[in-house]
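Tertiary structure, described
Residue-level listing of the chains:
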Amino acid sequence: MATETTRGTLPQISGVASRRPLFVRPLPWYAYCGVLLNGLAWISSWARIGPWPYTFFPLWLGFILLLDGLNVARTGTSPLKRGVGRFVLLFVYSSPFWWVFEALNLPVQNWHYHFDHPYSLLAYIAITSLDFSTVLPAVMELVELFTSFRPLRPLLDPLDPGPVASRRTVLLFVALGIVMLVLPFLLPHYAFGLLWLCLIFLLDPINHLARRKSALGHLLARDWRFFVAIPLAALCCGFFWEMWNSRALPGWWYTVPLVDAAPHLFAMPLPGYLGYLPFGIELFVMYQFALLLTRQRRDALTI
């Protein structure tokens, strides 16, 4: 196992962490463009002004560019700086990832969309796919920003897949994943929450056996920071998703059994935010699985 001072492309940490400056470089120019794009899209969305007030994609693109710029300022590197191609692939992979969750939502119907006017099927697919493309890069940019701080930096080096699990452990994880996938179809009123876990148990053991980065590798290494940083990043993104959705049109609303009566923060019942915690791990796992399928050894991440 690598020590926490060997962190791939991230700068080395000095002996006294408190002496390290918060930022090592100025914000790049595109971070300011991101702030402007985000602000204009936010105003357009909530005030219903502009040529097209449905501005989910530019709003989140601006936020992603800001986060990437903060990563550059914080550590001198970022997904965009390390390679435009792998940065763009985050958007490319993100759309089919969320379409998978749209399919998983069919038996439980936990979220629904409302529109400003009817859309053709082709327009609906095109617009939503563009919007879905921002999910993975937003979360992973925030993961990188959080893990630039020593208390949240995973112990495993990015090139270290961690200890090898036994075949029994791998089979157990896959079996649990199958159960978690099937139960929501049989008991949607009670087992809906398992949809936010099933892909971890189904896909992560495959990544692990292929010796790619995996949640299981971090678990066996007792690298608990991994299981704090990624869920925390997804939860923070969840707050912004729900906030920016709260007055947007088109937008979404929830019908979540057992928790609908709980207090809400924006459209989401407060207990529903717990779903964002495993969602971050699922995105990480799905990304590694997509890279495995496309036979790419390198990724855009520093964890």
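Look up a bit, the structure's there.
A brief report on the enclosed structure follows.

Considering the overall build of the protein
- Looking only at helices and strands, one finds 12 helices and four strands in the protein.
- Here the C-alpha coordinates of the protein stretch approximately 55 × 50 × 40 Å along the principal axes.
- By residue count, 52% of the 303 residues in the protein fall in the buried class.
- Looking at the protein alone, contacts between residues at least 24 apart form 78% of all its contacts between residues at least 6 apart.
- Both charge centroids of the protein, one from 22 positive and one from 15 negative side chains, sit 10 Å from each other.

A look at the side chain of glutamate 242
- Mapping glutamate 242 onto the fold places it in helix 11 (residues 226–245).
- What glutamate 242 contacts, discounting residues up to four positions off in sequence, is Trp252, Tyr254, Phe266, Met268, Tyr273 and Tyr276.

With respect to helix 6 (residues 135–147)
- Along its 13 residues, helix 6 runs 19 Å from first to last C-alpha, staying within 8% of the 18 Å computed at 1.5 Å per residue.
- Along helix 6, 13 of the 13 residues are buried, which leaves the element largely enclosed by surrounding structure.

Quick notes on the environment of histidine 218
- Among the secondary structure elements, histidine 218 is positioned in helix 10 (residues 215–220).
- Note on histidine 218: relative accessible area 4%, which makes it buried.
- Measuring from C-alpha to C-alpha, the distance between histidine 218 and isoleucine 178 comes to 22 Å, with 40 residues separating the pair along the chain.
- Residues in contact with histidine 218, not counting those within four places in the same chain, are Pro154, Leu156, Asp223, Phe226 and Phe227.

Here's the deal with the packing of aromatic side chains
- Taken as a whole, this structure holds 37 aromatic pairs when the rule is applied.
- Between phenylalanine 239 and phenylalanine 240 the ring centres are 5.5 Å apart and the planes differ by 80°, which places this aromatic pair in the edge-to-face class.
- In this structure phenylalanine 240 comes out as partly exposed when scored by relative accessible area, which is 25%.
- Sitting above the plane of the phenylalanine 149 ring, arginine 74 keeps its charged end 3.9 Å from the centroid.

Describing a nonpolar patch on the surface
- On the surface, a cluster of nonpolar side chains totalling about 770 Å² of accessible area is made up of Ile178, Val182, Phe185, Leu186, Leu187, Tyr190 and Leu258.
- The greatest single-element share of the nonpolar patch, amounting to four residues, is contributed by helix 7 (residues 167–186).
- Checked against the element boundaries, tyrosine 190 lands in helix 8 (residues 188–191).
- Look at tyrosine 190 and you get exposed, because its relative accessible area is 62%.

Rules of the game
Counting from 1, residues in each chain are numbered in the order their sequence is written. Per-residue local features of the predicted model are confined to residues with pLDDT of at least 70, and side-chain atom pairs are confined, for both listing and counting, to 80 or more; whole-chain, interface and lining totals are unaffected and use all residues. With hydrogens and water stripped out, all remaining heavy atoms of the structure feed into the side-chain values. In this text, helices come from DSSP runs of H or I with a minimum length of four residues, and strands from runs of E with a minimum of two, each type numbered from the N-terminal end. Under the scheme applied here, a residue whose accessible area is under 20% of the maximum for its type counts as buried, over 50% as exposed, and between as partly exposed, the area being computed with a 1.4 Å probe on protein chains only. Should any heavy atoms of two residues lie within 4.5 Å, those residues are considered in contact. Neither His nor the chain ends contribute to the count of charged residues, in which Lys and Arg are positive and Asp and Glu negative. For charged residues, the charge sits on one atom: NZ in Lys, CZ in Arg, CG in Asp, CD in Glu. Expected span of a helix: the number of residues minus one, times 1.5 Å. Between rings of Phe, Tyr and Trp, where Trp is taken as its six-membered ring, a pair exists when centres lie within 6.5 Å; planes separated by under 30 degrees are stacked, by over 60 edge-to-face, and by other angles tilted. For a Lys NZ or an Arg CZ to count as sitting over a ring, it must be within 6 Å of the ring centre and within 35 degrees of the ring normal. In this analysis, a patch consists of residues with relative accessible area above 30% that form no salt bridge, clustered at 9 Å for like charges and at 5 Å for the nonpolar side chains Val, Leu, Ile, Met, Phe, Trp and Tyr. Shrake-Rupley sampling with a 1.4 Å probe provides the accessible areas, and residues are treated as covered by the protein chains on show and by no other component. Note on definitions: salt bridges are taken to be side-chain nitrogens of Lys or Arg within 4 Å of carboxyl oxygens of Asp or Glu.

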